Amino acid sequence: NIVLTQSPATLSVTPGESVSLSCRASQSISTSIHWYQQKSNESPRLLIKYASQSISGIPSRFSGSGSGTDFTLSINRVESEDFSIYYCQQSYSSLFTFGSGTKLEIK
Amino acid sequence: EVQLQESGPGLVKPSQSLSLTCSVTGYSITSNYWGWIRKFPGNKMEWMGYISYSGSTSYNPSLKSRISITRDTSKNQFFLQLNSVTTEDTATYYCARTGSSGFAYWGQGTLVTVSS
């Protein structure tokens, strides 16, 4: 299984700050990583596909980067609606796996 | 617009089978891949498996002996059956349109509790 390790587990920030969330894969997965946002009592929402490709309807303050084993989701100037849990997920292997999530909370 | 909706019992007894239905509107399940994902208390997410446009299936090996995903193309629905459940199968279950480019469409999720 490809293990995805997300860090930090919790990130406390003030609205207006810019943040970077990390996802590290246990082996090289090229750019086969996708990022999701999950707000409380809602379904996950796809934010970024294939490490850096944008998704229609997602605000431009969300961006992704990385390849191989190290990936980053960046949020430029966090807004109040962004406080939620973020997951990475890989599709390099036919056994899809998710990271354990990073909770973005208000400081 | 693609929409997915899960339905099924919210409470299942240990050792029994969990059965859920995913009803899809706005897109035919004879195209693409359709899967099940669950989120445990504590936020861990697990991909369970999918059924393809042709009816072939792929399952998470950790569940392989207990899981079955089937479909009814006439109703545009697909189904999850998980046998011999334990309390560790308590989770929110989501159906989603699955693919190598991520899960773009999700149902709203349904909480299934395994308890006697």
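Above this text you will find the structure in question.
Criteria and thresholds
- Residues numbered from 1 in each chain as written.
- Chains lettered and ligands numbered in written order.
- Predicted model: local features only at pLDDT ≥ 70, side-chain atom pairs only at ≥ 80, totals over all residues.
- Heavy atoms only, no water.
- Helix = DSSP H or I, 4+ residues; strand = E, 2+ residues; numbered from the N terminus.
- Rg over C-alpha atoms; globule rule 2.2 N^0.38 Å.
- Buried < 20%, exposed > 50% of the residue type's maximum accessible area, 1.4 Å probe, protein only.
- Lys, Arg positive; Asp, Glu negative; His and termini not counted.
- Charge placed at Lys NZ, Arg CZ, Asp CG, Glu CD.
- Pairing = 2+ DSSP bridges.
- Axes fitted to C-alpha atoms, helices over the stretch in contact; angles between N-to-C directions.
- Contact = heavy atoms within 4.5 Å.
- Buried area = accessible area lost by both parts, 1.4 Å probe.
- Salt bridge = Lys/Arg side-chain N within 4 Å of Asp/Glu carboxyl O.
- Polar contact = N/O pair within 3.5 Å; in protein donor to acceptor, adjacent residues only side chain to side chain.
- Nonpolar A, V, L, I, M, F, W, Y, C, P; charged D, E, K, R; others polar.
- Disulfide = S-S within 2.5 Å.
- Phe/Tyr/Trp six-rings, centres within 6.5 Å; stacked < 30°, edge-to-face > 60°.

S.K.: Can you tell me about the overall build of chain A, naming the residues and giving the values?
M.R.: Regarding its fold elements, chain A presents zero helices and 11 strands. Secondary structure elements of chain A occur, N-terminal to C-terminal, as β-β-β-β-β-β-β-β-β-β-β. Since a compact globule built from 107 residues should have a radius of gyration of about 13 Å, the 13 Å found for chain A is in line with a globular shape. Overall, the C-alpha framework of chain A stretches about 35 × 25 × 25 Å when taken along its three principal axes. Out of the 107 residues in chain A, the part that is buried amounts to 49%. Side-chain charges in chain A split into 8 positive and 7 negative, and the spacing between the mean points of these groups amounts to 3 Å.

S.K.: How would you sum up the sheet that holds strand S7 (residues 62-67) of chain A? Please name residues and give values.
M.R.: Residue and element names in this part refer to chain A. Strand order in the open sheet formed by four strands is S1-S3-S8-S7, and the pairing between neighbours is antiparallel. Either end of the sheet is taken by a strand with one partner, and the two such strands are strand S1 (4-7) and S7. Here the average twist between neighbouring strands, direction ignored, is 20 degrees. Relative to strand S3 (residues 19-25), S1 runs antiparallel, the two sharing four bridges. Across the sheet, residue Ser 7 finds its bridge partner in S3, namely Ser 22.

S.K.: Tell me about the interface of chain A and chain B, and name the residues and values.
M.R.: In this assembly, 17 residues from chain A lie in contact with 21 residues from chain B. Across the chain A/chain B interface, buried area totals approximately 1,500 Å², and carbon plus sulfur atoms make up 62% of it. It is A:Pro44, A:Phe96 and A:Phe98 that lose the most area in chain A upon contact with chain B, and together they represent 35% of the buried surface on that side. On the surface where chain A and chain B come into contact, there are zero salt bridges. For the interface between chain A and chain B, the tally reads nine residue pairs in polar contact (both at pLDDT 80 or more). Where the side of chain A that touches chain B is concerned, the elements lending two or more residues are strand S4 (33-38), strand S5 (45-49) and strand S9 (85-90) of chain A. For the side of chain A that touches chain B, the residue count by class is nine nonpolar, six polar and two charged.

S.K.: Can you tell me about the state of the cysteines, naming the residues and giving the values?
M.R.: The final tally for this structure, using the stated rule, is two disulfides over all chains. The residue that forms a disulfide with A:Cys23 is A:Cys88, at a sulfur-sulfur distance of 2.1 Å. Here the disulfide of A:Cys23 and A:Cys88 is right-handed, its torsion about the S-S bond being about 75 degrees. With A:Cys23 in strand S3 and A:Cys88 in strand S9, this residue pair connects regions lying 65 residues apart in the sequence. Judged by relative accessible area, A:Cys23 falls into the buried class, the value being 0%. Of the residues examined, A:Cys88 reaches a relative accessible area of 0% and is grouped as buried. Here B:Cys22 is linked by a disulfide to B:Cys95, with a sulfur-sulfur distance of 2.1 Å.

S.K.: With reference to specific residues and values, describe the sheet that holds strand S7 (residues 67-72) of chain B.
M.R.: All names here are of chain B. Overall, antiparallel pairing links the four strands, which are arranged S1-S3-S8-S7 in an open sheet. Edge strands, defined here as strands with exactly one partner in the open sheet, are strand S1 (3-7) and S7. Sheet twist, expressed as the mean angle between neighbouring strand axes with direction ignored, is 20 degrees. Bridging between strand S3 (residues 18-25) and strand S8 (residues 77-82) involves six bridges; their strand directions are antiparallel. Bridged to Leu 20 within S8 is Leu 80.

S.K.: Explain the packing of aromatic side chains to me, and be specific about the residues and the numbers.
M.R.: Counted under the stated rule, the structure contains 16 aromatic pairs over all chains. Centre to centre, the rings of A:Phe96 and B:Phe103 are 5.8 Å apart; their planes meet at 80 degrees, and the pair counts as edge-to-face. Here B:Phe103 lies in the loop between strand S9 (91-98) and strand S10 (105-106) and A:Phe96 lies in the loop between S9 and strand S10 (97-98), a pairing that spans two chains. For the pair A:Phe96 and B:Phe103, a shared accessibility class is recorded, and that class is buried. Taken together, the aromatic side chains of A:Tyr36, A:Phe96, A:Phe98, B:Tyr33, B:Trp47, B:Tyr50, B:Tyr53, B:Tyr94, B:Phe103 and B:Trp106 make up a single cluster linked through ring pairs.

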